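Structure assessment
Here is what each chain is made of, one letter per residue.
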Amino acid sequence: MEPVTKVGRGMYSIGIDLGGTKIATALCNESGEIIWRTEVSTQATAGPQAVMARMVASAREAQQQAGQDKIVGIGIGAPGPLNPKTGIVAAPPNLPGWDEIYLVNDFERVMGLPTHLENDANAAALAEWFLGAGCKVDNMFYITVSTGIGSGAVVDGKVRHGTTGAFAELGHMVIDMNGPRCNCGNHGCLEAFASGTAISRMAREQLGVDWGADQLAAAAERGNSKAQSILEQAYHALGIGIMNVVNLFDPSIIVVGGGVSRIGDPLFRALNRAVHENRFRPASNIPVVPARLGTDAGVIGAALLPFKEERDSRNLAFTV
Ligand SMILES: [Zn+2]
(Lines give C-alpha, C1' and ligand atoms only; values in the text may rest on other atoms or scores of the structure.)
Protein backbone atom coordinates (compact mmCIF):
# COMPACT_ATOMS: atom_id res chain seq x y z
CA MET A 1 0.00 0.00 0.00
CA GLU A 2 1.34 3.42 -0.91
CA PRO A 3 1.45 6.09 1.78
CA VAL A 4 -0.76 9.13 1.37
CA THR A 5 1.54 11.95 0.45
CA LYS A 6 -0.40 13.95 -2.05
CA VAL A 7 -3.84 14.51 -0.54
CA GLY A 8 -4.21 18.27 -0.62
CA ARG A 9 -7.03 20.75 -0.95
CA GLY A 10 -8.52 19.24 -4.14
CA MET A 11 -11.27 16.68 -4.46
CA TYR A 12 -10.75 12.99 -5.10
CA SER A 13 -12.64 10.07 -6.48
CA ILE A 14 -12.57 6.36 -5.78
CA GLY A 15 -12.07 4.05 -8.74
CA ILE A 16 -12.82 0.34 -8.48
CA ASP A 17 -11.80 -2.11 -11.17
CA LEU A 18 -13.78 -5.29 -10.57
CA GLY A 19 -12.28 -8.33 -12.28
CA GLY A 20 -12.89 -12.06 -12.08
CA THR A 21 -9.70 -12.59 -10.04
CA LYS A 22 -8.95 -9.27 -8.34
CA ILE A 23 -10.51 -6.01 -7.23
CA ALA A 24 -8.25 -2.98 -7.69
CA THR A 25 -9.26 0.18 -5.85
CA ALA A 26 -7.60 3.58 -6.15
CA LEU A 27 -8.01 7.08 -4.84
CA CYS A 28 -7.37 9.48 -7.73
CA ASN A 29 -7.30 13.21 -8.25
CA GLU A 30 -8.97 15.08 -11.09
CA SER A 31 -5.96 14.51 -13.35
CA GLY A 32 -6.29 10.74 -13.00
CA GLU A 33 -3.20 10.50 -10.79
CA ILE A 34 -3.31 7.59 -8.37
CA ILE A 35 -2.86 8.91 -4.82
CA TRP A 36 -3.44 5.69 -2.98
CA ARG A 37 -4.34 2.15 -4.02
CA THR A 38 -5.13 -1.29 -2.77
CA GLU A 39 -5.84 -4.65 -4.34
CA VAL A 40 -7.70 -7.67 -2.96
CA SER A 41 -8.66 -10.97 -4.53
CA THR A 42 -12.24 -11.09 -5.82
CA GLN A 43 -13.09 -14.55 -4.47
CA ALA A 44 -15.80 -14.58 -7.10
CA THR A 45 -17.14 -18.01 -6.16
CA ALA A 46 -18.40 -16.55 -2.86
CA GLY A 47 -21.13 -14.77 -4.85
CA PRO A 48 -22.18 -11.15 -5.43
CA GLN A 49 -22.95 -10.13 -1.84
CA ALA A 50 -19.53 -11.26 -0.58
CA VAL A 51 -17.73 -9.65 -3.54
CA MET A 52 -19.62 -6.40 -3.01
CA ALA A 53 -18.67 -6.42 0.68
CA ARG A 54 -15.00 -6.64 -0.36
CA MET A 55 -15.47 -3.76 -2.79
CA VAL A 56 -17.15 -1.64 -0.10
CA ALA A 57 -14.36 -2.40 2.40
CA SER A 58 -11.73 -1.21 -0.11
CA ALA A 59 -13.77 1.88 -0.97
CA ARG A 60 -14.10 2.74 2.74
CA GLU A 61 -10.34 2.47 3.15
CA ALA A 62 -9.85 4.85 0.22
CA GLN A 63 -12.42 7.24 1.69
CA GLN A 64 -10.55 7.27 5.02
CA GLN A 65 -7.31 8.14 3.25
CA ALA A 66 -8.81 11.24 1.65
CA GLY A 67 -11.28 12.34 4.31
CA GLN A 68 -15.06 11.98 4.27
CA ASP A 69 -15.86 15.30 2.58
CA LYS A 70 -13.20 15.09 -0.11
CA ILE A 71 -14.73 12.43 -2.33
CA VAL A 72 -16.79 13.50 -5.35
CA GLY A 73 -17.98 9.98 -6.03
CA ILE A 74 -17.20 6.40 -6.90
CA GLY A 75 -16.59 4.91 -10.34
CA ILE A 76 -16.79 1.18 -10.94
CA GLY A 77 -15.44 -0.62 -13.99
CA ALA A 78 -16.90 -4.12 -14.27
CA PRO A 79 -17.05 -6.90 -16.83
CA GLY A 80 -20.04 -6.78 -19.16
CA PRO A 81 -22.77 -7.32 -19.98
CA LEU A 82 -23.90 -4.31 -17.96
CA ASN A 83 -25.88 -1.15 -18.47
CA PRO A 84 -24.15 2.06 -17.38
CA LYS A 85 -27.44 3.97 -17.53
CA THR A 86 -29.35 1.70 -15.15
CA GLY A 87 -26.30 0.64 -13.12
CA ILE A 88 -27.24 -3.02 -13.49
CA VAL A 89 -24.68 -5.79 -14.04
CA ALA A 90 -26.18 -8.71 -15.96
CA ALA A 91 -24.45 -12.07 -15.62
CA PRO A 92 -20.79 -11.60 -16.65
CA PRO A 93 -19.30 -15.04 -17.39
CA ASN A 94 -16.43 -14.64 -14.88
CA LEU A 95 -18.62 -13.50 -11.96
CA PRO A 96 -20.82 -16.44 -10.99
CA GLY A 97 -24.21 -15.54 -9.50
CA TRP A 98 -24.19 -11.95 -10.78
CA ASP A 99 -27.57 -12.06 -12.40
CA GLU A 100 -29.19 -8.61 -12.71
CA ILE A 101 -27.29 -7.03 -9.81
CA TYR A 102 -28.21 -3.40 -9.02
CA LEU A 103 -24.59 -2.50 -8.33
CA VAL A 104 -24.94 1.29 -8.47
CA ASN A 105 -28.07 1.37 -6.27
CA ASP A 106 -26.52 -0.92 -3.70
CA PHE A 107 -23.28 1.03 -3.63
CA GLU A 108 -24.97 4.41 -3.29
CA ARG A 109 -27.09 3.11 -0.44
CA VAL A 110 -24.16 1.66 1.48
CA MET A 111 -21.54 4.34 0.75
CA GLY A 112 -23.77 7.42 0.50
CA LEU A 113 -21.77 8.66 -2.50
CA PRO A 114 -22.80 9.13 -6.15
CA THR A 115 -21.67 6.01 -8.00
CA HIS A 116 -21.13 5.40 -11.71
CA LEU A 117 -20.77 2.14 -13.57
CA GLU A 118 -18.90 1.47 -16.78
CA ASN A 119 -17.89 -1.54 -18.81
CA ASP A 120 -14.24 -2.33 -17.91
CA ALA A 121 -12.98 -1.92 -21.49
CA ASN A 122 -14.78 1.43 -21.76
CA ALA A 123 -13.23 2.59 -18.47
CA ALA A 124 -9.77 1.63 -19.76
CA ALA A 125 -10.57 3.42 -23.04
CA LEU A 126 -11.47 6.58 -21.13
CA ALA A 127 -8.20 6.48 -19.17
CA GLU A 128 -6.09 5.89 -22.28
CA TRP A 129 -7.90 8.75 -24.00
CA PHE A 130 -7.55 11.15 -21.07
CA LEU A 131 -3.96 10.55 -20.00
CA GLY A 132 -2.56 7.66 -22.02
CA ALA A 133 -1.88 6.92 -25.67
CA GLY A 134 -5.15 8.46 -26.92
CA CYS A 135 -3.94 12.04 -26.35
CA LYS A 136 -7.50 13.41 -26.14
CA VAL A 137 -8.07 13.10 -29.90
CA ASP A 138 -11.64 13.57 -31.19
CA ASN A 139 -12.16 9.93 -32.18
CA MET A 140 -10.26 7.21 -30.39
CA PHE A 141 -10.95 3.50 -30.63
CA TYR A 142 -9.51 1.27 -27.89
CA ILE A 143 -9.05 -2.48 -28.04
CA THR A 144 -7.90 -4.72 -25.22
CA VAL A 145 -6.65 -8.16 -26.21
CA SER A 146 -6.21 -10.47 -23.25
CA THR A 147 -8.20 -13.54 -22.16
CA GLY A 148 -11.01 -12.09 -24.26
CA ILE A 149 -11.18 -9.08 -26.57
CA GLY A 150 -12.90 -5.91 -25.37
CA SER A 151 -13.17 -2.51 -26.95
CA GLY A 152 -14.50 0.99 -26.47
CA ALA A 153 -14.72 4.27 -28.31
CA VAL A 154 -14.28 7.79 -26.98
CA VAL A 155 -15.81 10.35 -29.32
CA ASP A 156 -15.61 14.08 -28.55
CA GLY A 157 -14.61 13.24 -24.97
CA LYS A 158 -17.57 10.91 -24.42
CA VAL A 159 -17.51 7.14 -24.04
CA ARG A 160 -20.04 5.70 -26.49
CA HIS A 161 -22.61 3.33 -25.00
CA GLY A 162 -25.14 2.48 -27.69
CA THR A 163 -28.69 1.70 -26.59
CA THR A 164 -28.00 -0.88 -23.89
CA GLY A 165 -24.32 -0.33 -23.09
CA ALA A 166 -23.05 -2.95 -25.56
CA PHE A 167 -21.50 -0.50 -28.02
CA ALA A 168 -18.63 -1.78 -30.20
CA GLU A 169 -18.10 -5.29 -28.84
CA LEU A 170 -15.25 -5.92 -31.26
CA GLY A 171 -14.44 -9.33 -29.77
CA HIS A 172 -17.74 -10.59 -31.14
CA MET A 173 -17.48 -9.11 -34.60
CA VAL A 174 -17.72 -12.06 -36.98
CA ILE A 175 -14.68 -12.10 -39.24
CA ASP A 176 -15.20 -15.58 -40.73
CA MET A 177 -18.72 -16.95 -41.17
CA ASN A 178 -17.31 -20.49 -41.23
CA GLY A 179 -14.97 -19.92 -38.30
CA PRO A 180 -14.74 -21.77 -34.97
CA ARG A 181 -17.43 -21.46 -32.35
CA CYS A 182 -16.92 -18.57 -29.92
CA ASN A 183 -17.75 -18.60 -26.19
CA CYS A 184 -20.75 -16.42 -27.00
CA GLY A 185 -22.25 -19.17 -29.18
CA ASN A 186 -21.71 -17.50 -32.57
CA HIS A 187 -19.19 -18.75 -35.10
CA GLY A 188 -16.09 -16.96 -36.33
CA CYS A 189 -15.93 -14.06 -33.84
CA LEU A 190 -12.62 -12.18 -33.67
CA GLU A 191 -12.22 -13.40 -30.08
CA ALA A 192 -12.18 -17.02 -31.31
CA PHE A 193 -9.13 -16.21 -33.50
CA ALA A 194 -7.03 -13.64 -31.72
CA SER A 195 -7.69 -13.52 -27.96
CA GLY A 196 -5.07 -14.83 -25.55
CA THR A 197 -7.33 -17.86 -25.05
CA ALA A 198 -7.53 -18.52 -28.82
CA ILE A 199 -3.76 -18.14 -29.22
CA SER A 200 -3.14 -20.64 -26.40
CA ARG A 201 -5.65 -23.02 -27.97
CA MET A 202 -3.81 -22.86 -31.32
CA ALA A 203 -0.49 -23.48 -29.51
CA ARG A 204 -1.97 -26.61 -27.90
CA GLU A 205 -3.51 -27.86 -31.15
CA GLN A 206 -0.64 -27.07 -33.51
CA LEU A 207 2.45 -27.30 -31.29
CA GLY A 208 1.25 -29.51 -28.45
CA VAL A 209 2.44 -27.00 -25.82
CA ASP A 210 0.72 -25.09 -23.05
CA TRP A 211 1.98 -21.63 -23.98
CA GLY A 212 0.57 -18.14 -23.72
CA ALA A 213 1.06 -15.38 -26.29
CA ASP A 214 4.29 -14.12 -24.68
CA GLN A 215 5.92 -17.57 -24.72
CA LEU A 216 4.88 -18.04 -28.34
CA ALA A 217 6.31 -14.64 -29.21
CA ALA A 218 9.63 -15.57 -27.57
CA ALA A 219 9.71 -18.87 -29.53
CA ALA A 220 8.85 -17.02 -32.75
CA GLU A 221 11.73 -14.66 -32.09
CA ARG A 222 14.05 -17.65 -31.70
CA GLY A 223 12.98 -18.78 -35.19
CA ASN A 224 10.27 -21.34 -34.34
CA SER A 225 8.29 -21.27 -37.59
CA LYS A 226 5.15 -22.95 -36.13
CA ALA A 227 5.03 -20.30 -33.38
CA GLN A 228 5.47 -17.60 -36.03
CA SER A 229 2.63 -19.01 -38.11
CA ILE A 230 0.25 -19.22 -35.12
CA LEU A 231 0.95 -15.60 -34.20
CA GLU A 232 0.61 -14.49 -37.80
CA GLN A 233 -2.86 -16.07 -37.94
CA ALA A 234 -3.81 -14.10 -34.82
CA TYR A 235 -2.29 -10.86 -36.17
CA HIS A 236 -4.10 -11.39 -39.46
CA ALA A 237 -7.44 -11.84 -37.66
CA LEU A 238 -6.82 -8.74 -35.51
CA GLY A 239 -5.83 -6.84 -38.65
CA ILE A 240 -9.18 -7.72 -40.24
CA GLY A 241 -10.98 -6.64 -37.07
CA ILE A 242 -9.11 -3.33 -37.06
CA MET A 243 -9.77 -2.78 -40.75
CA ASN A 244 -13.48 -3.16 -39.96
CA VAL A 245 -13.09 -0.67 -37.10
CA VAL A 246 -11.55 1.84 -39.52
CA ASN A 247 -14.35 1.35 -42.05
CA LEU A 248 -17.12 1.53 -39.43
CA PHE A 249 -15.93 4.21 -37.02
CA ASP A 250 -13.40 6.31 -38.93
CA PRO A 251 -11.24 6.88 -35.83
CA SER A 252 -8.18 9.12 -35.77
CA ILE A 253 -6.17 6.70 -33.61
CA ILE A 254 -6.52 3.07 -32.48
CA VAL A 255 -5.01 2.15 -29.12
CA VAL A 256 -4.35 -1.51 -28.34
CA GLY A 257 -3.80 -2.75 -24.78
CA GLY A 258 -4.20 -6.00 -22.83
CA GLY A 259 -1.75 -8.83 -22.18
CA VAL A 260 -1.39 -9.90 -25.83
CA SER A 261 -0.34 -6.36 -26.81
CA ARG A 262 2.85 -6.87 -24.78
CA ILE A 263 4.16 -8.81 -27.82
CA GLY A 264 5.00 -5.32 -29.04
CA ASP A 265 6.66 -4.50 -32.36
CA PRO A 266 5.77 -7.57 -34.49
CA LEU A 267 2.10 -7.18 -33.54
CA PHE A 268 1.94 -3.43 -34.11
CA ARG A 269 3.81 -3.70 -37.43
CA ALA A 270 1.20 -6.22 -38.63
CA LEU A 271 -1.74 -4.12 -37.43
CA ASN A 272 -0.44 -0.90 -38.98
CA ARG A 273 0.17 -2.78 -42.22
CA ALA A 274 -3.43 -4.04 -42.19
CA VAL A 275 -4.71 -0.46 -41.83
CA HIS A 276 -2.39 0.75 -44.56
CA GLU A 277 -3.40 -2.03 -46.97
CA ASN A 278 -7.15 -1.59 -46.44
CA ARG A 279 -8.37 -1.46 -50.06
CA PHE A 280 -11.43 0.57 -49.12
CA ARG A 281 -9.23 3.35 -47.77
CA PRO A 282 -5.85 2.72 -49.35
CA ALA A 283 -2.73 4.06 -47.66
CA SER A 284 -4.75 5.34 -44.73
CA ASN A 285 -2.40 6.55 -42.00
CA ILE A 286 -4.56 5.98 -38.93
CA PRO A 287 -1.97 4.93 -36.33
CA VAL A 288 -2.40 1.74 -34.30
CA VAL A 289 -0.42 2.34 -31.11
CA PRO A 290 0.24 0.49 -27.83
CA ALA A 291 -1.70 1.51 -24.73
CA ARG A 292 0.39 3.37 -22.14
CA LEU A 293 -1.29 2.79 -18.80
CA GLY A 294 -0.93 -1.00 -18.62
CA THR A 295 -3.06 -2.71 -15.99
CA ASP A 296 -3.82 0.64 -14.29
CA ALA A 297 -6.03 1.80 -17.18
CA GLY A 298 -9.15 0.14 -15.76
CA VAL A 299 -8.93 1.58 -12.26
CA ILE A 300 -7.90 5.06 -13.45
CA GLY A 301 -10.76 5.11 -15.98
CA ALA A 302 -13.21 4.09 -13.25
CA ALA A 303 -11.90 6.90 -11.02
CA LEU A 304 -12.35 9.44 -13.82
CA LEU A 305 -16.09 8.66 -14.13
CA PRO A 306 -17.30 10.78 -11.16
CA PHE A 307 -15.25 13.78 -12.34
CA LYS A 308 -16.58 13.30 -15.83
CA GLU A 309 -20.19 13.20 -14.62
CA GLU A 310 -19.61 16.24 -12.49
CA ARG A 311 -18.21 18.17 -15.45
CA ASP A 312 -20.95 16.97 -17.77
CA SER A 313 -23.59 18.18 -15.31
CA ARG A 314 -21.98 21.62 -15.26
CA ASN A 315 -21.67 21.50 -19.04
CA LEU A 316 -17.90 21.75 -18.88
CA ALA A 317 -15.80 19.91 -21.41
CA PHE A 318 -13.90 16.96 -19.98
CA THR A 319 -10.88 18.06 -21.99
CA VAL A 320 -10.35 21.25 -19.96
ZN1 LIG B 1 -18.42 -14.30 -29.92
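Now for a description of the structure that goes with this document.

Conventions and cut-offs
- Residues numbered from 1 in each chain as written.
- Predicted model: local features only at pLDDT ≥ 70, side-chain atom pairs only at ≥ 80, totals over all residues.
- Heavy atoms only, no water.
- Donors = N, O, S within 2.8 Å, 3.2 Å for Na, K, Ca; no water.
- Tetrahedral: all angles 85-135°; square planar, octahedral: opposite > 155°, others 65-115°.
- Buried < 20%, exposed > 50% of the residue type's maximum accessible area, 1.4 Å probe, protein only.
- Helix = DSSP H or I, 4+ residues; strand = E, 2+ residues; numbered from the N terminus.
- Pairing = 2+ DSSP bridges.
- Contact = heavy atoms within 4.5 Å.

Notes on the coordination of the zinc ion
At 2.1 to 2.4 Å from the zinc ion lie its protein donor atoms, namely H172 (ND1), C182 (SG), C184 (SG) and C189 (SG). Metal-centred angles of 105 to 121° between the 4 donor atoms at the zinc ion mark the site as tetrahedral. In terms of primary sequence, the donors binding the zinc ion are separated according to H-x9-C-x1-C-x4-C. Here C182 matches C189 in class, with each residue buried.

What to know about the pairing of strand 2 (residues 22–28)
Most of strand 2 sits inside the fold, with 6 of its 7 residues counted as buried. Two successive antiparallel strands, strand 1 (residues 12–18) and strand 2, enclose a turn made up of 3 residues. As judged from the 7 bridges shared by strand 2 and strand 3 (residues 34–41), these two strands associate in the antiparallel manner. Bridge assignment links I23 to a residue of strand 3, and that residue is V40. Counting the residues that bridge the hairpin from strand 2 to strand 3 gives 5 residues, and of these G32 lies at a positive phi of roughly 85°.

Overview of the environment of P96
Looking at the secondary structure, you find P96 in the loop between strand 6 (88–89) and strand 7 (101–102). Relative accessible area serves as the criterion here: at 42%, P96 is assigned to the partly exposed category. Beyond its immediate stretch of four places on either side in the chain, P96 contacts A44, T45, G47 and P48.

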